[in-house]
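Single-letter residue listing:
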Amino acid sequence: MSDGFEKAPFLLTRADAFITWAQKNSLWPFGSGLACCAIEMIATAAARYDIARFGMELFRASPRQADLFIVAGTVTLKMAPVLRRLWDQMPDPKWAMAMGNCAIGGGPFPTYSVLQGVDRIIPVDVYVAGCPPTPQGLIHGLMTLQEKIARSHPTKEILDPDARRQS
Amino acid sequence: MELREYDLNMGPQHPSTHGVLRLKLAVDNEVVLGVEPVLGYLHRGMEKLWESLTFTQVVPLTDRLDYIASLSNNLGYCLAVEKLAGIEVPKRARYIRVVLAELQRLASHLAWVGFMANDIGAMSVLLYAFEAREHVLDIFEEYCGARLTVHGIRIGGAVRDLDAPLASRIRAVLEKIPERLEDVRALLDENRIWKERTVGVGRISAADAIDYGLTGPPLRASGVAWDMRKDLPYSSYDDFDFDVPLGANGDVYDRYLVRLEEICQSIRIVRQALEGLPEGDPRAKMPRVLKIAPGEVFHTIEAPKGVLGFTVRSNGSDKPERVKMKSPSFINLQALDHMCRGNLFSDVIGILGSLDIVLGEIDK
Amino acid sequence: MPEDRADRPELRKILAALAGRLGGAVLAGVVDGGELSVRLAKDGLAPALRFLKEEAGFNALEDIAAFDNLDAAGGGGPRFTVVYRLYRFPGALRTRVAVDVGEGERLASAVPLYRSADWAEREAFDMFGIRFEGHPDLRRIYMPDDFEGHPLRKDFPLAGRTGGA
């Protein structure tokens, strides 16, 4: 919980509400489609599940233009440094979602070549379980992330750039 | 200033590489001199993992190989194990498997045309194709609860029976698909931009195709009439009447036509299978623990991506000694260099797309 | 269900011709339904593949599968077995060629005959450490170049040797 922030000036909390409203309703995903989960991610973006309802239809191919890193699929040890570099290339504010059991904890692959969870290399905000998660599951995860963003305090970071992003 | 040849790196993070594939391109201005794929970014150690699982436990992991056509992987592996163990699959189960496998082929080709068109720039086709595919996924979800990694085919047969209500829903879906296909064809078949980007691009001759080990639609687009469903029929495919579409020029456009026509043929097969569904069990009686006497078998099927094969070696226990998968995408990708040379580097996307590769199957 | 393949008598003729050509290098050969299966001595591999492709018409190499015999019953034999699956199209004829190779020994590469052998041999090298003489570019295909060990060997642990990831 944000201690001391309850006493923040009214204007800042209103600014927070506006900024987080804008952020959560226009997340641009950087779809890091690694394996099977990528197909369900694309299905969520397609006509039936229509991620555009959430303002998220603009999947960016470049991390520099995105703010939500969706790790969809198994992360191998060979791919891990690439993912870390992509995460580092994303400008703040940014969020990460581990989509699917492989991204959460290695999934059904306890093998010599698989990273047992992407949270070993990047900080994850939302975990969406499933193998693969259904589009409904992914949307639920996105909505959970939206709630998380709504609870955050971006003005604190604007006023004090050294402050870590509060969850 | 003189323009010289240079190297371009594509991937492993790239929207059009159909997964985590890295391509090293050597280009001279815009003409491709060579393409070298770098694999392994999705190598999960499947074959090693399978050696520590029972024969039955391996089946759901095969879904994760070609994840766009998971039932085909199930079928390929189960047929190999059944051949090794001498398990007789009841005829009803074989017909149910054909229905599932052909519906899966349909879904796979629809996903393919969506991705291919999206890569070239025709994004509406992605939406149309995925909408049509959703109807097929509804059938899978109703049948056994999963949309993508279906695991509906098990050792001995299918996971459950295909009852009359589901069969009539399948028939209803089969009515919808041709309509959507017509929409896609109307957008692409005679589209000037589509044809500029696909006709004459990525050619491979029939002789080269066979030498590279190409199988599936890329081979048939070069005019080679090789289809395992006809040549070495399995699961009662020889009971059904269907054509194998062939191309003439071996270019990207022919591969596109071949796959769309295969969708129509799949619809034909499913209708016949539903019509002639015999009485019987959907699955053979299986022992609680499946132990297989020492032996080795190699079995192939015609998966949507090409000829999928499994070598299974048993050692008397309930776990396989070795399972080696012959991956059609792995072999087809080898020919990418040959197909891309001399073309523009923006054609690499189209040629790669036309091979219809899946990294899960390539990297295992 | 095990499809009962119709008997293909031409395979018997091919086996006889192969045995005639290679003599003692053909250690065993059997025709079972629509498939010919031969076991060769290491040196017989290249001439056998050449004969099968150029004279017997097996124009496609479907697969190269390597096996580690470390756990095999009655160990002590050669460490690895490499199995080549050849296919004749049209006609749907299959041939299985098996060759045993020991640790550190090399097999002749099939790449001069079948271009599809390229990556399959690289895979066998990456996963087992088997080397192929005459391969244009024998290096790992899945694992990073600096990886140590060959994962599909029976003595390589499933979770790897780096202490888990």
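In this text the structure is predicted, and so the values were computed from the model without any measurement.

Student: Before we go on, may I ask you to explain the interface of chain C and chain B in this structure?
Tutor: Interface size, as often reported, equals the accessible area lost upon joining of the parts. Taken together, the 45 residues of chain C in the interface contact 53 residues of chain B. Both sides together, the interface formed by chain C and chain B hides about 4100 Å², and carbon and sulfur atoms give 55% of it. Applying the counting rule to chain C against chain B returns 20 residue pairs in polar contact (both at pLDDT 80 or more). Elements with a contribution of two residues or more to the side of chain C that touches chain B: β3 (60–68), β4 (80–88), β5 (93–101) and α3 (117–128) of chain C. Looking at the side of chain C that touches chain B, the element that brings in the most residues is β3 of chain C, giving 8 residues. Considered class by class, the residues forming the side of chain C that touches chain B number 25 nonpolar, 4 polar and 16 charged.

Student: For this particular structure, what's the right way to read the sheet that holds strand β4 (residues 126–128) of chain A?
Tutor: What links the strands of a sheet is backbone hydrogen bonding, and the strands pair in either a parallel or an antiparallel sense. All names here are of chain A. Strand order in the open sheet formed by 4 strands is β1-β2-β3-β4, with parallel pairing between adjacent strands. Single-partner strands in this sheet number two, and they are β1 (29–33) and β4. Adjacent strand axes in the sheet meet at a mean angle of 20°, parallel and antiparallel pairs treated alike. Note: strand β3 (residues 95–99) against β4, 3 bridges, orientation parallel. Counted as the bridge partner of M99 is V128 from β4. In the packing of helix α3 (residues 80–89) onto the sheet, contacts are made with β1, β2 (68–72) and β3, and the angle to β2 comes to roughly 165°.

Student: Explanation requested: the packing of helix α4 (residues 91–120) of chain B against helix α11 (residues 252–275) of chain B in the structure shown.
Tutor: Geometrically, a packed helix pair is captured by the angle between its two axes and the distance between the axes. All names here are of chain B. At a minimum axis separation of 9 Å, α4 and α11 run at an interaxial angle of 155°. As the angle between them shows, α4 and α11 are arranged roughly antiparallel. The handedness of the crossing between α4 and α11 comes out as left-handed. Across the contact of α4 with α11, the residue classes break down as 18 nonpolar, 2 polar and 5 charged.

Student: Even after reading the chapter, I still don't get the interface of chain C and chain A, so can you show me in this structure?
Tutor: At the junction of the two partners, chain C supplies 11 residues and chain A supplies 10 residues. Contact between chain C and chain A buries roughly 770 Å² in total, counting both sides, with carbon and sulfur atoms accounting for 65%. Our count for the chain C to chain A interface comes out at 2 residue pairs in polar contact (both at pLDDT 80 or more). Per-class residue counts for the side of chain C that touches chain A are 10 nonpolar, 1 polar and no charged.

Student: I'm lost on the packing of aromatic side chains in this one. Help?
Tutor: Centre distance and the angle of the planes are the two values used to describe a pair of aromatic rings. In total, this model carries 18 aromatic pairs over all chains according to the counting rule given. Seen in terms of ring centroids, Y253 of chain B and Y256 of chain B are 5.9 Å apart; in terms of plane orientation they differ by 35°. Their pairing is tilted. Of this pair, Y253 of chain B and Y256 of chain B both sit in helix α11, 3 residues apart, roughly one helical turn. Assessed through its relative accessible area of 1%, Y256 of chain B is described here as buried. Arranged with centres 5.5 Å apart and planes meeting at 55°, the rings of F330 of chain B and W119 of chain C form a pair that is tilted. Of the two residues, F330 of chain B sits in helix α12 (residues 328–334) while W119 of chain C sits in helix α3, which places them in two different chains. By relative accessible area, which is 7% here, W119 of chain C ends up buried.

How each quantity is defined
Residues numbered from 1 in each chain as written. Chains lettered and ligands numbered in written order. Predicted model: local features only at pLDDT ≥ 70, side-chain atom pairs only at ≥ 80, totals over all residues. Heavy atoms only, no water. Contact = heavy atoms within 4.5 Å. Buried area = accessible area lost by both parts, 1.4 Å probe. Polar contact = N/O pair within 3.5 Å; in protein donor to acceptor, adjacent residues only side chain to side chain. Helix = DSSP H or I, 4+ residues; strand = E, 2+ residues; numbered from the N terminus. Nonpolar A, V, L, I, M, F, W, Y, C, P; charged D, E, K, R; others polar. Pairing = 2+ DSSP bridges. Axes fitted to C-alpha atoms, helices over the stretch in contact; angles between N-to-C directions. Parallel < 35°, antiparallel > 145°, perpendicular 65-115°, else oblique. Left-handed = near helix turned anticlockwise from the far one by under 90°. Phe/Tyr/Trp six-rings, centres within 6.5 Å; stacked < 30°, edge-to-face > 60°. Buried < 20%, exposed > 50% of the residue type's maximum accessible area, 1.4 Å probe, protein only.

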